[in-house]
There are 2 protein chains.
Amino acid sequence: MPPAVAVRAVRADVRRNRARLLAAARETFGRDGADASLEGIARLAGVGIGTLYRHFPTRQDLLEAVLADAYDGLAATARELLAAPDPGAALAAWLRAYVSGVTAFPGLAASAAVALRDDPPESSAACRAMREAGSALFARARDAGDVPPDAAFTDALRLAAGIATVTEREPNAAGRLLALASRGVLSGKAG
Amino acid sequence: MPPAVAVRAVRADVRRNRARLLAAARETFGRDGADASLEGIARLAGVGIGTLYRHFPTRQDLLEAVLADAYDGLAATARELLAAPDPGAALAAWLRAYVSGVTAFPGLAASAAVALRDDPPESSAACRAMREAGSALFARARDAGDVPPDAAFTDALRLAAGIATVTEREPNAAGRLLALASRGVLSGKAG
DNA sequence: ACCTGAACACCGTTCAAGT
DNA sequence: ACCTGAACACCGTTCAAGT
């Protein structure tokens, strides 16, 4: 199968460029935020700007690729937390991890929120896997009676994304808002 | 007092330019979102770009001036709702109005959230008045036992800002998330 | 005192040429 | 098949000149 070999050879090249672009993006976004210069990222990666655009047609595509790492970690965390004794506390811990994961640098949380819209663009495999793992954690908490029976997982995740977006780089504020949303702003009385 | 007269004459000029810039900003932002071209706004207002920068040194300043209208309306609404019978329902209605008011166009909610940071920049008089009126509504709901006694008004408002930011142009989603945050993601059990 | 707008610097994006 | 980077278009911001 000579074509397969040829394809594999090309892929090595392409993959190396992609990996370099991602590493450069992580470094640059982490320093300058999500609105950093794309030309700077291409320069740091040692590729032409056209190559960056070939791999990541939009800034959002590049940001979502950066997010994939965080999603992998969050999916693993969700699966671990499925074994935790208190379903509600496990869900709360996971939502905190989500907020923390998508606030690695300014502007990232807003990108993460895009994948949670009512009519979202097609999302990455990592994002889908993260949501599936989180959904199981959510269902367990709901079955245990820790979450309102009519609540939707995506809405809860989106709420966390909103908190992350407005509390970027303010972990204390993020914690307060998550606690308030968990307990309920209007939950003074019994129900 | 001749100087006072001279000052007043100048102010008329300055105010007219400011009003034109604001009208142009409302129209342009409303059509193109908060990242619309500032040159286009100056052109539409019939002033030079330098005049726009003189009045509004940053884009955020211009957006906050646009927000002032919404804040005036929200302050009035809060004062009216103080007379509503159910304190909790009144607060809920006002938070819905806030979300609706700061989502007039894409990008506005994120600007509104800036004024709610833990260490916010100095905010407009309209914003302060809105927060004071909302705070009274919040205190009433808390005194009535509709809100957790240790909850902070600014955190509740910030939560609404976060919801607004991630659900822009999706009123249904905004309603669902507000309902979820009001009841509490983890409020399945009694308390 | 305020306004103008040319000038500067910078960035996003495309695409013809190259390998 | 992929990469390069010059070229184009556009925008933010400043500031010398004007009123």
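- Per an unreviewed UniProt entry, the recorded name for chain A is TetR/AcrR family transcriptional regulator, and the organism is Actinomadura syzygii.

## A closer look at the overall build of chain A
Reasoning step 1: For chain A, the count of helices and strands is nine helices and zero strands.
Reasoning step 2: Helices (α) and strands (β) of chain A occur, in sequence order from the N terminus, as α-α-α-α-α-α-α-α-α.
Reasoning step 3: The C-alpha extent of chain A, read off along each of the three principal axes, is 65 × 40 × 30 Å.
Reasoning step 4: Taking all 191 residues of chain A together, the buried fraction comes to 47%.
Reasoning step 5: Nonlocal contacts in chain A, meaning residues at least 24 apart in sequence, comprise 66% of its contacts between residues at least 6 apart.

## Brief notes about the environment of Glu64 of chain B
Residue and element names in this part refer to chain B.
Reasoning step 1: Of note, Glu64 is situated in helix α4 (residues 59–81).
Reasoning step 2: By relative accessible area, which is 16% here, Glu64 ends up buried.
Reasoning step 3: For the pair Glu64 and Leu38, spaced 26 residues apart in sequence, the C-alpha separation works out to 15 Å.

## Some details on helix α8 (residues 153–166) of chain B
Reasoning step 1: Here α8 of chain B is 14 residues long and its end C-alpha atoms lie 20 Å apart, about the 20 Å a rise of 1.5 Å per residue gives.
Reasoning step 2: Across the 14 residues that make up α8 of chain B, a large majority, 13, are buried.

## Thoughts on the protein's contact with DNA strand D
Reasoning step 1: Close contacts around DNA strand D come from 18 residues, with Asn17, Gly48 and Thr51 of chain A together with Tyr53 and Arg59 of chain B the closest.
Reasoning step 2: Among atoms of DNA strand D positioned within 4 Å of the protein, sugar and phosphate together represent 69%.
Reasoning step 3: In the model, a phosphate oxygen of DNA strand D is placed 2.8 Å from a nitrogen or oxygen of the Gly48 of chain A main chain.
Reasoning step 4: Here a phosphate oxygen of DNA strand D and a backbone polar atom of Leu38 of chain B are 3.2 Å apart.
Reasoning step 5: Sorting the residues of the surface near DNA strand D by element identifies α1 (2–32) and α3 (49–55) of chain A together with α2 (38–45) and α3 (49–55) of chain B as the ones contributing at least two each.

## Some thoughts on the protein's contact with DNA strand C
Reasoning step 1: The immediate surroundings of DNA strand C are formed by 18 residues, with Tyr53 and Arg59 of chain A together with Asn17, Gly48 and Thr51 of chain B found nearest.
Reasoning step 2: Sugar plus phosphate: this is where 69% of the atoms of DNA strand C within 4 Å of the protein reside.
Reasoning step 3: Between DNA strand C and the protein, one listed contact pairs a phosphate oxygen with a side-chain N or O atom of Arg59 of chain A at 2.5 Å.
Reasoning step 4: Taking Gly48 of chain B, its main chain carries an N or O atom lying 2.7 Å from a phosphate oxygen of DNA strand C.
Reasoning step 5: Of all the secondary-structure elements, those providing two or more residues to the surface near DNA strand C are α2 (38–45) and α3 of chain A together with α1 (2–32) and α3 of chain B.
Reasoning step 6: Here the surface near DNA strand C takes five residues from α3 of chain B, the largest share from any one element.
Reasoning step 7: Considering only residue class, the surface near DNA strand C consists of eight nonpolar, seven polar and three charged.

## Let's talk about the packing of helix α4 (residues 59–81) of chain A against helix α5 (residues 87–101) of chain A
Residue and element names in this part refer to chain A.
Reasoning step 1: Remark: α4 packs on α5, axes separated minimally by 10 Å, with the N-to-C direction vectors making an angle of 170°. Judged by the inter-axis angle, α4 sits roughly antiparallel to α5. Packed against α4, whose contacting residues are Ala70, Tyr71, Leu74, Thr77, Ala78 and Leu81, the element α5 presents Ala90, Ala93, Trp94, Ala97, Tyr98 and Gly101 at the interface.
Reasoning step 2: Counted by class, the contact of α4 with α5 contains ten nonpolar, two polar and no charged residues.

## A closer look at the pattern of salt bridges
Reasoning step 1: All told, the structure shown has 16 salt bridges over all chains when counted by the stated rule.
Reasoning step 2: We note a salt bridge from Arg176 of chain B to Asp155 of chain A, for which the minimum N-O separation is 2.9 Å. Of this pair, Arg176 of chain B sits in helix α9 (residues 171–183) while Asp155 of chain A sits in helix α8 (residues 153–166), on two different chains.
Reasoning step 3: Since its relative accessible area comes to 33%, Arg176 of chain B is described here as partly exposed.
Reasoning step 4: Sharing partners across several salt bridges, the network here consists of Asp118, Asp155 and Arg158 of chain A together with Glu170 and Arg176 of chain B.

## Quick notes on the UniProt feature "DNA-binding region" (unreviewed entry) in chain A
Reasoning step 1: When the UniProt feature table is mapped onto this chain numbering, "DNA-binding region" (unreviewed entry) sits at residues 37–56 of chain A.
Reasoning step 2: What you have in residues 37–56 of chain A is 75% helix and 0% strand, and the ends, taken at the C-alpha atoms, are 14 Å apart.

## Concerning the relation of the copies chain B and chain A
Relating one copy of the chain to the other takes a rotation about an axis and a shift parallel to that axis.
Reasoning step 1: If you rotate chain B by 180° and push it 0.0 Å along the axis, it lands on chain A with an RMSD of 0.0 Å. Taken together, these values place the two copies in the relation of a two-fold axis. The position closest to the rotation axis in chain B is occupied by the C-alpha of Gly184 of chain B, lying 1.7 Å away.
Reasoning step 2: A share of 100% of interface residues in chain B that are also interface residues in chain A marks the association as one of identical surfaces.

## Section: the packing of aromatic side chains
To describe a pair of aromatic rings, one takes the distance between the centres and the angle between the planes.
Reasoning step 1: By the definition in use, this model includes eight aromatic pairs over all chains.
Reasoning step 2: Seen from their ring centres, Phe138 of chain B and Phe153 of chain B are 5.6 Å apart, and the 55° between their planes marks the pair as tilted. On the criterion of sequence distance, the pair formed by Phe138 of chain B in helix α7 (residues 125–143) and Phe153 of chain B in helix α8 is long-range, its members being 15 residues apart.
Reasoning step 3: On the basis of relative accessible area, Phe153 of chain B is assigned to the buried category, the value being 9%.
Reasoning step 4: Taken together, the aromatic side chains of Trp94, Tyr98, Phe138 and Phe153 of chain A make up a single cluster linked through ring pairs.

## Re the UniProt feature "domain: HTH tetR-type" (unreviewed entry) in chain A
Reasoning step 1: Mapped onto this numbering, the UniProt entry annotates "domain: HTH tetR-type" (unreviewed entry) at residues 15–74 of chain A.
Reasoning step 2: The span residues 15–74 of chain A is 82% helical and 0% strand by assignment, and the distance between its end C-alpha atoms comes to 24 Å.

## Here's the deal with the packing of α4 of chain B against α7 of chain B
Residue and element names in this part refer to chain B.
Reasoning step 1: For the pair α4 and α7, the least separation of the axes is 8 Å and the interaxial angle reads 25°. It follows that α4 is roughly parallel to α7 by the angle criterion. For the element pair α4 and α7, the recorded crossing hand is left-handed. Residues Ala68, Tyr71, Asp72, Leu74, Ala75, Ala78, Arg79 and Leu81 of α4 lie in contact with α7, whose contacting residues are Ala126, Cys127, Ala129, Met130, Ala133, Gly134, Leu137 and Arg140.

What counts and what doesn't
- Residues numbered from 1 in each chain as written.
- Chains lettered and ligands numbered in written order.
- Predicted model: local features only at pLDDT ≥ 70, side-chain atom pairs only at ≥ 80, totals over all residues.
- Heavy atoms only, no water.
- Helix = DSSP H or I, 4+ residues; strand = E, 2+ residues; numbered from the N terminus.
- Buried < 20%, exposed > 50% of the residue type's maximum accessible area, 1.4 Å probe, protein only.
- Contact = heavy atoms within 4.5 Å.
- Expected span 1.5 Å × (residues − 1).
- Near = heavy atom within 4 Å.
- Polar contact = N/O pair within 3.5 Å; in protein donor to acceptor, adjacent residues only side chain to side chain.
- Nonpolar A, V, L, I, M, F, W, Y, C, P; charged D, E, K, R; others polar.
- Axes fitted to C-alpha atoms, helices over the stretch in contact; angles between N-to-C directions.
- Parallel < 35°, antiparallel > 145°, perpendicular 65-115°, else oblique.
- Salt bridge = Lys/Arg side-chain N within 4 Å of Asp/Glu carboxyl O.
- UniProt positions renumbered as here; feature names shortened; annotations may be inferred.
- Least-squares fit on C-alpha atoms with pLDDT ≥ 70 in both.
- Phe/Tyr/Trp six-rings, centres within 6.5 Å; stacked < 30°, edge-to-face > 60°.
- Left-handed = near helix turned anticlockwise from the far one by under 90°.

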